[in-house]
Amino acid sequence: MTLMQTITEKARNLAVRSPWIYRINAGSCNGCDVECATTALIPRYDVERLGCQYCGSPRHADIVLITGPLTARIKDDVLRVFAEIPDPKVTVAVGVCPISGGIFRESYAVHAQVDQYLPVDVNVPGCPPRPQAIIEGVAQAIAIWRERI
Amino acid sequence: MLDTTTIPLAVLLFPGGLFALAFGLALKGLDRRVAARLQGRVGPPLAQPFFDLVKLARKRTMVPDIAAEPVFLGTPLIGAVSMLLAAALVPIPGVYAPNPLLGDLLVLLYLLAVPAVVLMIAGSASGSPFGAIGFSREMALMLAYEGPLVLVVAAVALRVGSFSLSDIVAYQQTHGAFLFDPVMWPALLAFLAFYPANLGIVPFDIPEAETEVLEGPLLEYSGPALGLFKMMSALKAVVVLGLGVALFLPLAPDGPAGLAVHLAKLVVLMLVGVTLLRVSMGRMRIDQAFAFFLKWPLALSVLSLAIVALA
């Protein structure tokens, strides 16, 4: 292994410890958002110990948590925000809605599944998923992200 | 005492440059760790800001379509370089005295204004409405805290009779630190109110309020450009806290022990004035912050200038 490769590998090992999280609400009922925001990412479960940080801007994001069944009303905005996130990025679908549409799947107003439009890497099913499951999803996303950065 | 350190070495290696950057990042990491502990969390590792920088260096920088590209990409560079220079201007008592050729307290004052100006320009160049809001708030806050700072510095300089930081440090080493001098207490209080605002932490992080204006001027930045802003803010912590130590408590033994004492003082200033403050307070509105700075710190600094002039 050349010196350059060694340095790149070292830098990757350091970089992978700083995944910043951004949430996109694609028409969610807010149940999963409450789980993400107030349960999975606050004192009791604290993902900051994995180096995660919530960011307010899509431009700062590395891992995207998508909740909701992608309603017709919000679809274009979601795709636009997703395009604003710089590469390399990893997408996590949180809750059953972005995976299959959940209880809204018959509705004329939703475009589920989300992976028809966006490259979803990790699915975290549940209605809403438990905080531990979301953390597990984030941890898997970090492992995938490691291969990309 | 190393009086004649060559200037490039001072700017790039020690006490500016690499050393200041590493220490600034460590201070930020300590701040995040202790804040997490105070909130009952485990918190990130101490080297977290360093990991963040490496990560940002490996991401893409995206430039918005409506941004003024040269300005948008140039401002982070100017900000980081200005703080690199400023870090070489701050003396470390007993270890390092800045070369007079590099500049004195007045130059440092101007350099300290650069990060705020750079953030304003970056915010408006990004073309984002949140950046514009950040611009206006940053300007209002800067107008509010810059006045007290200048008056505090003027009071200290008047007392010592020199604008050279080396003279200020030497004066206090022979006559006793200003921290224990009641005449200087109003100036000290005004400085204590100034530095959280300058570092942009919670009661005064109005221009970059994440939950209101999505980090304002930083909203559109990504990748290495954002990393430069993070470097700027880490270096600024070292510069501003170092300035506080030089102005009010520059008593330290010579040699490595002096360096250790200096760093310990910065850590205490960071933990008390930044970490404790930001976990225990909510954010002010811009009008509240403006009124606060024009009321107490300004009055205190005018008072201290008057006392010093009369004493």
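The rules behind the values
Residues numbered from 1 in each chain as written. Chains lettered and ligands numbered in written order. Predicted model: local features only at pLDDT ≥ 70, side-chain atom pairs only at ≥ 80, totals over all residues. Heavy atoms only, no water. Salt bridge = Lys/Arg side-chain N within 4 Å of Asp/Glu carboxyl O. Helix = DSSP H or I, 4+ residues; strand = E, 2+ residues; numbered from the N terminus. Buried < 20%, exposed > 50% of the residue type's maximum accessible area, 1.4 Å probe, protein only. Arc of directions from axis to C-beta. Contact = heavy atoms within 4.5 Å. Pairing = 2+ DSSP bridges. Axes fitted to C-alpha atoms, helices over the stretch in contact; angles between N-to-C directions. Expected span 1.5 Å × (residues − 1). Disulfide = S-S within 2.5 Å.

Student: What's the story with the pattern of salt bridges in this structure? I'm lost.
Tutor: Pairs can form between side chains of opposite charge whenever their charged atoms are close. Here the structure, examined in full by the defined rule, presents 13 salt bridges over all chains. The partner of A:Glu84 in a salt bridge is A:Arg59, with the nearest N and O atoms 2.6 Å apart. Remark: A:Arg59 occurs in the loop between strand S2 (53–54) and strand S3 (63–67) and A:Glu84 occurs in the loop between helix H3 (75–83) and strand S4 (90–94); sequence separation between them is 25 residues. On the accessibility criterion, A:Glu84 (29% relative accessible area) is partly exposed. Exposure remark for A:Arg59: the relative accessible area of 6% places this residue in the buried category. A salt bridge links B:Asp31 to B:Arg278; the shortest N-O distance between them is 3.2 Å. Of this pair, B:Asp31 sits in helix H2 (residues 17–38) while B:Arg278 is found in helix H11 (residues 256–280), placing the two residues 247 residues apart along the sequence. With a relative accessible area of 7%, B:Asp31 lands in the buried category. One salt-bridge network, in which partners are shared between bridges, spans A:Glu9, A:Arg12 and A:Arg146.

Student: I keep staring at H3(A) and nothing clicks. Help me out?
Tutor: Side chains of residues three or four places apart in an α-helix project in the same direction, reflecting 3.6 residues per turn. Residues and elements named next belong to chain A. All of the buried residues along H3 are Lys75, Val78 and Phe82. Taken end-on, H3 shows its buried residues confined to a sector of 65°, consistent with a single buried face. Facing away from the buried side of H3, by more than 90 degrees, are the exposed residues Asp76 and Arg80. Buried residues belonging to H3 abut strand S1 (20–25), S3 and S4.

Student: I keep staring at the sheet that holds S1(A) and nothing clicks. Help me out?
Tutor: Pairing between the strands of a sheet comes from backbone hydrogen bonds, and it takes one of two forms, parallel or antiparallel. Residues and elements named next belong to chain A. With parallel pairing, the five strands of this open sheet are ordered in space as S2-S1-S3-S4-S5. At either end of the open sheet lies a strand with only one pairing partner, and these are S2 and strand S5 (122–124). Relative to S2, S1 runs parallel, the two sharing two bridges. Of the residues in S2, the one forming a bridge with Trp20 is Gln53. Across the sheet, H3 touches S1, S3 and S4, and the angle it forms with S1 is around 165°.

Student: Can you walk me through H2(B) in this structure?
Tutor: Helix length check: H2(B), at 22 residues, gives a terminal C-alpha distance of 31 Å against a target of 32 Å (1.5 Å per residue), a fit within 8%. Where H2(B) is concerned, the buried positions are B:Gly17, B:Ala20, B:Leu21, B:Phe23, B:Gly24, B:Leu25, B:Leu27, B:Gly29, B:Asp31, B:Arg32, B:Ala35 and B:Ala36. Of the surrounding secondary structure, the elements contacted by the buried residues of H2(B) are S2 of chain A together with helix H1 (7–12), helix H3 (48–57), helix H4 (69–89), helix H10 (223–248) and H11 of chain B.

Student: Help me understand the state of the cysteines, please; the structure alone is not making it clear to me.
Tutor: Linking two cysteines covalently via their sulfur atoms produces the bond known as a disulfide. Residue and element names in this part refer to chain A. In total, this model carries zero disulfides over all chains according to the counting rule given. Cys29 forms no disulfide, and the closest cysteine sulfur to it belongs to Cys32, at a distance of 6.1 Å. A residue is classified by how much of its surface remains accessible, and Cys29, at 60% relative accessible area, is exposed. Cys52 forms no disulfide, and the closest cysteine sulfur to it belongs to Cys55, at a distance of 10 Å.

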